[in-house]
Structures are given as C-alpha cells and as structure tokens.
Amino acid sequence: MSKETARERNLTMLADFYEFTMANGYLENGIGNRSAVFDMFFRKVPDGGGFAIFAGLEQVIDYLSGLSFTDEDIEYFRSKGCFGEKFLDYLRNFRFACDVWSVREGTPVFPNEPIVTVKGPLIQAQMVETMLLLAINHQTLIATKANRIVRAAAGRAVAEFGSRRAQGSDAAILGARAAYIAGCVGTACAIADRDYGIPAAGTMAHSWVQVFDSEYEAFKAYAQVYPDNCTLLVDTYNVIKSGIPNAIRVFNEVILPAGFRPKAVRIDSGDLAYLSKKARKMLDDAGFADVKIMASNSLDEYILRDLLLQGAQLDSFGVGENLITSKSQPVFGGVYKIVAAENGRGEMVPKIKISETVEKITTPGFKELYRFYSRENGKALADYIALRGETVDDSRDITIFDPNAVWKKKTVYDYRAEKLLVQIFDKGRPCYQSPDIQQIRAFCQQQLDTLWDESKRFEFPHRYYVDLSQNLWDMKSRLLEQLGS
C-alpha cells in the first residue's frame, strides 16, 4: 500500500478467513498465547533466474505498526456466528506483541532461506500471514523482474512505464517503488514520485500529435512550452519520413534559437533496431549527435538483449506491462510456515512439514541466516542457515554441504560471515528505522555487485549455495525419520 493508503486504511482485516478461525480455535483450546515461530521463504526464483531481490519491508512495518480491530470489525465477527465472546474480547484489546526479523530491503535472496521470521503469541503470529506475504511477494516479484530488465539494458537507463497495466492502484504505486529499488531510473507514475520520491518523467502521447493539424505543429507547440526539456514522440505517422525530419526542423527553429539543446526522441512502435539506426544517422547528420533515442513498446529483458545484439542505437527504454505485472511469471511463491512452537511444558519444539513433494518439506527450528563474503574480493560465496544460538567463527575454515545432495561439500576459507536477519519489532514495538528509498536503492546495487556474474545469467544461472549447519541438518533428519515413517 502507498503511504497515503497506509494513513487512510486500516488493513488489519486483510487476512485469510482461516487465520481468524484458527486464532479463535487456539484461544478456545488455551494455546493462543503460547510462543510460536513462523518463517517466510520461497522455493523458486521467477523466470528461472539465479536470485530474487527482497522488497516490501517498509509496507510490512507500516502494517504491523497499525494493527488494531475496530468496533465494526468486531461486530462483523459476531455476525458470522462462529466466533466466541472470548475471542471478540481479545480482538477488542488487541496489541501486537511479536518479535520480527527480516533481511534488509534490496538484499538478493535465494530459495529456502528464511527472509522474514515472526516469533510471538501463536494467535498473533498466525494472524499476520496474509498481509506479510502480500506485501513482500508483490514487491519482491516486481523488483526481481525489474532488475532482469535493467541488467539486459547494459547500462542504459530503464524507466518504469506500467501504471496503466498494473493490477490496481496499489500495484502501480508499489510496483514503481520496487522497480526503482531494483535499478530503474524513474517512473511514469506521478503519485509514486509524490509519495516516495521516485523521479517521475513523461512528455507526450500520440494524442498530443494527433490533436494538432500536423505533426510539425504538434512538435512546435510542445517545444515552445518545454524548450529546456524537449523530447518528441516521432512514430505517430512515420518515423523516418516525417517524425525525425519534423523533429529536426523544430529543434532548429524553436529549441536552438531559445538557447537550449533538445533532449531526445522516442520511438514507440515498429522495428526498433532498424528505426533507431536510421534515426541516429539522421540526427547525427543534422548536428544533433547529443540527442538521445528512447524506445518503448511492450519491451522485456529478452527483447532488450536482442535489440542491443542487433546494434540498435538506443540510449534508454521505457518498459511497461512486462515489468509492472512480471508478465512472464506473475506470481512470487513466498510461503509462511510454522517452524517451532511452545509445548505445555514451556519448551520450544521444532516443527516440520513433510510432503511427498520434496521441495515442500520445510526446514524446522528457530534459525539464523548468514552470508559468507570473500575477504579477497568481497564476492558472496554462500548462505548458511544455522540454529539460533549457534555461532559462526569466520576466523576458521568451514565445510558446508548441499542439503539436497549431502555428498557435495565445499570448504570456505578467508571469508567474512554476516548475519542477514535484522530485528524489526521487539515485543510488538518497532525497533528498526527504515532507510529512505535512495539508501535502499544504493544498498541493493552494492549487494548486487557482490554476486558473481555466473549467478546473473538469464538462462541456467549458477546455483548459489544455501546450506544448513550440521546441527540444523541433524535436527531436520531426526524429525524426518521420526515423523515420516
């Protein structure tokens, strides 16, 4: 949700109904206030990529900070006829009391590692599942897709142009936020600029050109209003025969006499590689070698890559529907699973979900997540999941192994171990100051620079190591043996 939306709407009730039926049941069974631990993680990177980019934490913090139930909410539950008065009283006096840990926004993350952990009263930790997943799944999906597109642009600027194709207003605003974190230079969405400081840009649509008596008159009128920042859309009729010639004429007749230089032309249809090469030569020959050429029109990372391989003379891109919806794979499969719960004797007991689908077997226990960085070059070597309380001594070599193929082992040496999970809430009180979006964006780029190029391939990227400590592996194996037989 946007900052404005967060102020205006209480989204406590944005939850799956079963979260409330379970909460009521926990209370009726006298276990609602027992401590439990839940992890959010995901199983697959979208589009077969090598990593995802974590985003959406700021919205989770806003949501958890404002949890409360109104009189109308309580009357709604009463009207359903399946909730006891004890539960309604609990909601009336509700105060969030969980501890929450999360990786920082902008961090590259990998399958099957805890990226958010919630620990607290069972009834509460269960209740926040939907909104936590909604906020993080959406923005992580868009950030991950946006970064693929940014990398395909090979240093050329990419602007997010997808507001009108997004699945709703919040998706447009927060999609722009996620795209900016992941490397886009700006957005077409004005409200995202107002609320988050993401640079908004835009010039004209084809309707501007069509409403005037001629393309030349349309360009001239625009240049007279914006002589210091003139970008013209040149494909309304014919890029080569009229669009570029009319743009050059207006540049000479309006922009230069006003003491400015034109900024760019944009091509929104046709063979972008062919047209951009022709347009580049025409602009250069007319003395406008500094005028940039921007392309839009249903672009994605593969089209961008092919355009550049074909020698397209393009300086920047506007990417819309394929980015804002992650059209190629529009679902990020983050899940939220219980991994430990307090028993009747006050002991925390690890919990595991077992499935015949191996990838759906969870990793039990209250855990810590480390990333190992090479001291030699700063590159990320592996992620390491350990039980809380275990220590990692990065002054000593460590042997890690693939939890899905335990015979595959690797010794890590000359490394620095860094904890990735930071505490966000302490017994329900926020204890983390969210960075501003510029800081998140810079942090994301810094973290991306720690990844090996092999992990950034679009097809068949190198599989990054996410390994378990021996103690955690032993616990998981023991539970599988006890409960799976």
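Refer to the structure printed above.
This is a predicted model, so every value here is computed, not measured.

Caption draft 1: Up close: the overall build of the chain. Each helix and strand in the chain was counted, giving 17 helices and 21 strands. Seen through its C-alpha atoms, the chain measures out along the principal axes to roughly 85 × 60 × 35 Å. Split into buried and exposed, the 485 residues of the chain put 54% on the buried side. Long-range pairs, those at least 24 residues apart, make up 74% of the contacts in the chain between residues at least 6 apart in sequence. Per element, the accessible surface of the chain, about 21,500 Å² overall, is 49% carbon and sulfur. Taking the average place of the 58 positive charges on the side chains of the chain and the average place of its 62 negative ones, the gap between the two points comes to 2 Å.

Caption draft 2: Structural context of the sheet that holds strand E14 (residues 367-374). Taken together, four strands build an open sheet; the order of strands is E18-E14-E15-E21 and the sheet is mixed. The sheet terminates laterally at strand E18 (415-419) and strand E21 (466-468), the two strands that pair on one side only. Going from strand to strand, the sheet's axes swing by 30 degrees on average, the running direction of each strand aside. Sheet topology note: the E14/E18 ladder contains five bridges and is antiparallel. Residue pairing across strands places Arg371 opposite Glu418, the latter belonging to E18.

Caption draft 3: Fine view of the pairing of strand E6 (residues 157-160). As defined by bridge partners, E6 adjoins strand E11 (residues 316-319) across four bridges and the pair is classed as parallel. Following the sheet pairing, Ala159 is matched in E11 by Gly318. Note that E6 and strand E7 (residues 186-187) share two bridges and pair parallel. Looking across to E7, one finds that Glu160 is bridged to Thr187. A crossover links E6 with its parallel partner E7, the connecting element being helix H8 (residues 169-181), and its sense is right-handed.

Caption draft 4: Local environment of the pairing of strand E12 (residues 335-342). Pairing analysis gives six bridges linking strand E1 (residues 35-41) to E12, with the strands arranged antiparallel. The partner of Ala36 across the bridge, within E12, is Ala341. Sheet analysis places E12 next to strand E13 (residues 348-350), joined by three bridges and oriented antiparallel. Its bridge partner lying in E13, Glu342 is registered against Met348.

Caption draft 5: The sheet that holds E13, seen in detail. As summarised here, the arrangement of the seven strands in space is E13-E12-E1-E5-E3-E19-E20, forming an open sheet in which the pairing is antiparallel. Lying at the two open borders of the sheet, with one neighbouring strand each, are E13 and strand E20 (429-430). Set on the sheet, helix H3 (residues 57-65) makes contact with strand E3 (99-102), strand E19 (422-426) and E20; between it and E19 the angle comes to about 15 degrees.

Caption draft 6: Layout of the packing of helix H7 (residues 129-152) against helix H14 (residues 301-309). Packing of H7 against H14 brings their axes to within 8 Å, and their N-to-C directions diverge by 0 degrees. If you check the angle between H7 and H14, you find them roughly parallel. Where H7 approaches H14, its residues Lys145, Arg148, Ile149 and Ala152 are matched on the opposing element by Glu301, Tyr302, Leu304, Arg305 and Leu308. Along the lines of polarity and charge, the residues of the contact of H7 with H14 split into five nonpolar, no polar and four charged.

Caption draft 7: Seen up close, the nonpolar core. Counting residues in hydrophobic clusters, the biggest one holds 138 residues, and the most contacted among them are Phe251 and Phe317. Ranked by the residues each element gives to this core, the list is headed by H7, at twelve residues. Setting aside residues up to four positions removed in sequence, Phe317 forms contacts with Ala153, Arg156, Ala157, Val158, Ala159, Met294, Ala295, Leu299, Leu304, Leu307 and Leu308. Formed by twelve residues, the second largest nonpolar core is a distinct cluster that contains Phe372, Ile400, Val412 and Tyr415.

Caption draft 8: Unusual backbone geometry, seen in detail. A positive phi is found at Lys427, a non-glycine position, where the angle reads about 50 degrees. The phi torsion at Phe460 lies on the positive side, around 50 degrees, for a residue other than glycine. Counting through the fold element by element, Phe460 comes out in the loop between helix H16 (437-448) and E21.

Caption draft 9: Main features of the packing of H7 against H8. In contact at an axis separation of 8 Å, H7 and H8 are set at 50 degrees when each is read in the N-to-C sense. If you check the angle between H7 and H8, you find them oblique. In terms of crossing hand, the pair formed by H7 and H8 is right-handed. Of H8, the residues touching H7 (which contributes His138, Gln139, Ile142, Ala143 and Ala146) are Ala171, Leu174, Gly175, Arg177, Ala178 and Ala179. Looking at the contact of H7 with H8 residue by residue, the classes come out as seven nonpolar, three polar and one charged.

Caption draft 10: Quick peek at the side chain of Asp39. Note that Asp39 resides in strand E1. A relative accessible area of 2% places Asp39 in the buried class. Only 2.8 Å separates the side chain of Asp39 from the side chain of Thr117, close enough to count as a polar contact.

Caption draft 11: A look at the environment of Leu67. Considering the arrangement of structural elements, one finds Leu67 in the loop between H3 and helix H4 (71-80). Counting along the chain gives 27 residues from Leu67 to Phe94, while the straight-line C-alpha distance between them is 8.1 Å. Discounting residues that sit within four places of it in the chain, Leu67 has contacts with Thr12, Phe94, Phe96 and Val128.

Caption draft 12: Representation of the pattern of salt bridges in the model. Tallied over the entire structure, the rule returns 29 salt bridges. In this structure, Arg78 and Glu75 form a salt bridge, with 2.4 Å as the shortest nitrogen-oxygen distance. Placement of both Arg78 and Glu75 in helix H4 is noted, with a separation of three residues, approximately one turn of the helix. Taking relative accessible area as the criterion, Arg78 reaches 31% and is therefore assigned partly exposed. Look at Glu75 and you get partly exposed, because its relative accessible area is 43%. Across the pair Arg371 and Asp383 runs a salt bridge, and its minimum N-O distance is 2.7 Å. In this pair, Arg371 is assigned in strand E14 and Asp383 in strand E15 (residues 380-387), connecting sequence segments twelve residues apart. We classify Arg371 as buried; its relative accessible area is 0%. The network of salt bridges with shared partners includes Asp47, Lys145, Arg148 and Glu301.

Caption draft 13: Expanded view of the side chain of Glu113. Topologically, Glu113 is positioned in the loop between strand E4 (108-109) and strand E5 (116-121). Here Glu113 is in contact with Met40, Phe41, Leu369, Arg371, Asp383, Ile385 and Val466, once residues within four sequence places are set aside.

Thresholds applied
Residues numbered from 1 in each chain as written. Predicted model: local features only at pLDDT ≥ 70, side-chain atom pairs only at ≥ 80, totals over all residues. Heavy atoms only, no water. Helix = DSSP H or I, 4+ residues; strand = E, 2+ residues; numbered from the N terminus. Buried < 20%, exposed > 50% of the residue type's maximum accessible area, 1.4 Å probe, protein only. Contact = heavy atoms within 4.5 Å. Areas by Shrake-Rupley, 256 points an atom, 1.4 Å probe, with all protein chains shown as cover. Lys, Arg positive; Asp, Glu negative; His and termini not counted. Charge placed at Lys NZ, Arg CZ, Asp CG, Glu CD. Pairing = 2+ DSSP bridges. Axes fitted to C-alpha atoms, helices over the stretch in contact; angles between N-to-C directions. Right-handed = clockwise from strand over helix to strand, strands pointing away. Parallel < 35°, antiparallel > 145°, perpendicular 65-115°, else oblique. Nonpolar A, V, L, I, M, F, W, Y, C, P; charged D, E, K, R; others polar. Core = buried A, V, L, I, M, F, W, Y, C linked by side-chain atoms within 4.5 Å. Left-handed = near helix turned anticlockwise from the far one by under 90°. Polar contact = N/O pair within 3.5 Å; in protein donor to acceptor, adjacent residues only side chain to side chain. Salt bridge = Lys/Arg side-chain N within 4 Å of Asp/Glu carboxyl O.

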